[in-house]
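# Fold and contact review
The primary structure of each chain is shown beneath.
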Amino acid sequence: MSINLKGRSLISLKDYTPEEINYLIELSIAVKKEKQNNIRHQRFKGMTIALLFEKRSTRTRCAFETAFGEEGGFPVFLSSEDIQLGAKESIEDTARVLGRMFDCIQYRGYKTSNLEALVKYSGKPVYNGLTDDFHPTQVLADIMTVREYFNTYKGIKLVYVGDGRNNVASELMIGCSKAGLDIRIASPQPLLPCENIVSLAKNFTKKSGSAIEITTDVKKAVQGADIIYTDVWASMGEEDKLADRIKLLKPYQVNKELMFLTGKETIFMHCLPAVKGNEVTADVIDGDKSEAWNQAENRKHTIKAIMLATLGLV
Ligand code: CP
Ligand code: NVA
């Protein structure tokens, strides 16, 4: 079933219905199959995308550049070190100019309000490549990875361990509660998720029937987990907090002992980049239950799918 997403932007999965998310996942799976079977298209031929980066990136940048470029599109990488944004020109004026030159825009940066301004003043589809608040293209790839591994979302328990306030934890609460995965967040008290995100996600579970739980008790939280997911202890922009975070989060490290406490076969997930020895030990992330590398690959397929759908090419 095709759903019309032409012209839409992606700020967070909170703005997409479960049906739309499901459609994007199925499209991503189809796009991945094409790649595996060496079926080549030129669906972005003659099109351009502006890739605005205020923060570093490996996966997101490479996913956008390769997905768009290999189908004939022309991606233009614009780091905030190079362009006028932030120094001499407002986000509104930047958006107006980019909107005149490009078919679509990706933004990775600090403020979600910048993304909203890009949407408002460019008039083109804008994709969130990560802000302090949300990371929707990551969680789309995560949901796709779950779908590939378990072939369902119903009854699957994802336990996120670590900094419950960051962009990945917030987007996971939103994405899981929309898709119908059960999610538990285990964080120390100062890093428990923001109340507004929890209540938003709780609202979504009313439709999907999934469960959401928030706790500080990591050992209890992981019992029965199908998936243990973690992320860095200090996100981009909060590097100065790392020493405090190490103290707070040491008991929340994902290691062999924690994986064993689930009492079942459990896979490990991580958005990457990882700091091995902090949030996860090398034996877990490099072990045979790690899906981290599949998640990374799926960034490309999901990003291609969202661009195809919102540019009206499928
Ligand atoms: N997971 C992720 O967004 O990776 P990058 O920071 O390398 O883009
Ligand atoms: N929470 C991390 C995710 C990196 C992909 C960060 O914002 O740095």
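Attention in this report is confined to the structure presented alongside it. Every chain begins its residue count from 1, and numbering advances along the sequence as written. Chain A is the first chain written and ligand 1 is the first ligand written, with later ones labelled in order. Owing to the predicted nature of the model, reporting of local features is limited to residues with pLDDT of at least 70; listing and counting of side-chain atom pairs is limited to 80 or more, with chain, interface and lining totals taken over all residues. No hydrogens and no water enter the side-chain calculation; it runs on all heavy atoms of the structure.

### Describing the packing of helix α6 (residues 167-179) against helix α7 (residues 195-208)
- In this analysis, axes come from line fits to C-alpha atoms, helices being fitted only over the stretch in contact, and the angle between any two N-to-C directions falls in the range 0 to 180 degrees. Strands are runs of DSSP state E lasting at least two residues, helices are runs of H or I lasting at least four, and both sets are numbered from the N terminus onward. Where α6 contacts α7, the axes come no closer than 7 Å and their chain directions differ by 15°. Comparing the axis directions of α6 and α7 gives the class roughly parallel. With respect to the hand of their crossing, α6 and α7 are arranged in left-handed fashion. For the pair α6 and α7, contact is made by Ser-170, Met-173, Ile-174, Ser-177 and Lys-178 and by Ile-197, Val-198, Leu-200, Ala-201, Phe-204, Thr-205 and Ser-208, respectively.
- Ten residue types, Ala, Val, Leu, Ile, Met, Phe, Trp, Tyr, Cys and Pro, are classed as nonpolar, four, Asp, Glu, Lys and Arg, as charged, and the remainder, Gly among them, as polar. Considering only residue class, the contact of α6 with α7 consists of seven nonpolar, four polar and one charged. Between 65 and 115 degrees an angle is taken as roughly perpendicular, under 35 as roughly parallel, over 145 as roughly antiparallel, and anywhere else as oblique. If you view the pair so one helix is near and one far, a crossing is left-handed when the near helix is turned anticlockwise from the far one by less than a right angle, and right-handed when it is turned clockwise. Should any heavy atoms of two residues lie within 4.5 Å, those residues are considered in contact.

### Overview of the site of ligand 2
- Residues are labelled near a given molecule or strand when at least one of their non-hydrogen atoms is within 4 Å of it. In the neighbourhood of ligand 2, the contacting residues comprise Leu-130, His-135, Asn-166, Asn-167, Val-168, Asp-231, Val-232, Ser-235, Met-236 and Leu-272.
- N or O atoms within 3.5 Å of each other form a polar contact, as long as, within protein, one can give a hydrogen and the other can take it, and as long as residues adjacent in sequence are counted only when both atoms are side-chain atoms. The separation between a nitrogen atom of ligand 2 and a polar side-chain atom of Asp-231 is 2.7 Å.
- A distance of 2.7 Å separates a nitrogen atom of ligand 2 from a polar atom in the side chain of Ser-235.
- According to the grid-proximity analysis, the pocket containing ligand 2 is the largest pocket. Only protein atoms enter the calculation, which uses a 1 Å grid: trapped sets of points that fit a 1.4 Å probe without letting it out are cavities, open sets showing protein on both sides within 12 Å along at least five of seven lines are pockets, and any residue with an atom within 4 Å of a point is a lining residue. Molecule-in-pocket calls rest on the fraction of atoms, with more than half required to lie within 2 Å of the cavity or pocket grid points.

### Let's talk about the site of ligand 1
- The local shell around ligand 1 consists of Ser-57, Thr-58, Arg-59, Thr-60, Arg-108, His-135, Gln-138, Cys-271, Leu-272 and Arg-299.
- In this structure, Arg-108 approaches ligand 1 through a side-chain N or O atom, which is 2.8 Å from an oxygen atom.
- Protein chains shield 96% of the accessible area of ligand 1, which is 260 Å² for the free molecule.
- The pocket occupied by ligand 1, as judged from atoms lying within 2 Å of grid points, is the largest pocket.
- Along the lines of polarity and charge, the residues of the shell around ligand 1 split into two nonpolar, five polar and three charged. Accessible areas in this description were obtained via Shrake-Rupley with a 1.4 Å probe; residue shielding takes into account the shown protein chains only.

### With respect to the layout of surface pockets
- Estimated volume of the largest pocket: approximately 490 Å³.
- Along the walls of the largest pocket sit 27 residues, with Val-232, Ser-235, Met-236, Leu-272 and Pro-273 positioned nearest its centre.
- Within the residue set of the lining of the largest pocket, elements represented by two or more residues are α2 (59-69) and α6.
- Grouping the constituent residues of the lining of the largest pocket by class yields 12 nonpolar, eight polar and seven charged.
- In this structure, the second largest pocket spans a volume of roughly 310 Å³.
- Considering the residues around the second largest pocket, the lining is formed by 19 residues, among which Asp-132, Asp-133, Arg-165, Asn-166 and Asn-167 are closest to the centre.
- Counting only elements with at least two residues in the lining of the second largest pocket, the list comes to α6 and α7. Grid points are joined across faces, edges and corners, and a volume is the space filled by probe spheres set on the points.

### Remarks on the nonpolar core
- Counting 59 residues, the largest nonpolar core has Tyr-127, Leu-172 and Met-307 as its most contacted members.
- Top contributing element to this core by residue count: helix α1 (residues 18-36), with seven residues.
- Dropping the residues within four chain positions of it, Tyr-127 is found in contact with Leu-10, Ile-49, Phe-64, Cys-104, Ile-105, Gln-106, Tyr-107, Leu-115, Ile-306, Met-307, Thr-310 and Leu-311.
- Counting 21 residues, the second largest nonpolar core, distinct from the first, contains Val-218, Ala-221, Leu-258 and Ile-285. Put simply, a nonpolar core is a bunch of buried Ala, Val, Leu, Ile, Met, Phe, Trp, Tyr and Cys residues held in one set by side-chain atoms that sit within 4.5 Å of each other. Here the term buried applies to any residue with accessible area under 20% of the maximum for its type, exposed to any over 50%, and partly exposed to those in between, with areas from a 1.4 Å probe on protein chains only.

### Thoughts on the sheet that holds strand β4 (residues 126-128)
- If you trace the four strands from one edge of the open sheet to the other, you get β2-β1-β3-β4, paired in parallel fashion. Looking along the sheet, the strands with just one partner apiece sit at the ends: β2 (74-79) and β4. On average, adjacent strands in this sheet sit at an angle of 20° to one another, irrespective of strand direction.
- Across the sheet, helix α4 (residues 112-122) touches β1 (48-53), β3 (104-108) and β4, and the angle it forms with β4 is around 170°. Strands were regarded as paired on the criterion that DSSP finds at least two bridges between them.

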